[in-house]
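Okay, here's what each chain looks like letter by letter:
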Amino acid sequence: METNAFCISLAACLVLLLAAAAFLIFIATGVRKGDLGDLSSPAGSRIDAITRRVTGVGVRRNEEGDG
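Scope of this entry: the structure provided in the associated data block. (Residues numbered from 1 in each chain as written. Predicted model: local features only at pLDDT ≥ 70, side-chain atom pairs only at ≥ 80, totals over all residues. Heavy atoms only, no water.)

Relative to the elements of secondary structure, Gly30 occurs in helix 1 (residues 2-33). The exposure class assigned to Gly30 is buried, which follows from its relative accessible area of 4%. Spatially, the C-alpha atoms of Gly30 and Ala49 are 8.8 Å apart, while their sequence positions differ by 19 residues. In this view, Gly30 contacts Ile47 and Thr51; residues no more than four positions away in its chain are not counted. (Helix = DSSP H or I, 4+ residues; strand = E, 2+ residues; numbered from the N terminus. Buried < 20%, exposed > 50% of the residue type's maximum accessible area, 1.4 Å probe, protein only. Contact = heavy atoms within 4.5 Å.)

Below you can see the structure in the form of structure tokens.
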């Protein structure tokens, strides 16, 4: 029983590691594609919009504070 729990937790860790790696590759691809783009223009694709949101580039903020 203890071996099954270990195998399940090991598999879950591997899946989470692969998901994190895929997410970082996804963001890096979006950043590379957006190198030549104008940040004041609207996002051209969904990947571009997610990349801008995650990296904090081109995100509008209130002058008075976050709200």
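On to helix 2 (residues 46-55). Within the span of helix 2, buried status applies to Asp48, Thr51 and Arg52. Projected down its long axis, helix 2 carries its buried residues within an arc of 100°, all on one side. Residues of helix 2 that are exposed and point over 90 degrees away from its buried face: Arg46 and Arg53. Within two residues after helix 2, Gly56 carries a phi angle of roughly 80°, on the positive side. (Arc of directions from axis to C-beta.)

Another point: a nonpolar patch on the surface. Together, Phe6, Leu10, Leu14 and Leu17 line one region of the surface with nonpolar side chains, adding up to about 420 Å² of accessible area. Looking at the element boundaries, Leu17 is found in helix 1. (Patch = residues over 30% accessible without salt bridge, like charges linked within 9 Å, V, L, I, M, F, W, Y side chains within 5 Å. Areas by Shrake-Rupley, 256 points an atom, 1.4 Å probe, with all protein chains shown as cover. Salt bridge = Lys/Arg side-chain N within 4 Å of Asp/Glu carboxyl O.)

Tracing the sequence through the fold places Thr29 in helix 1. Remark: the alpha-carbon pair of Thr29 and Thr51, spanning 22 residues in sequence, is separated by 8.8 Å.

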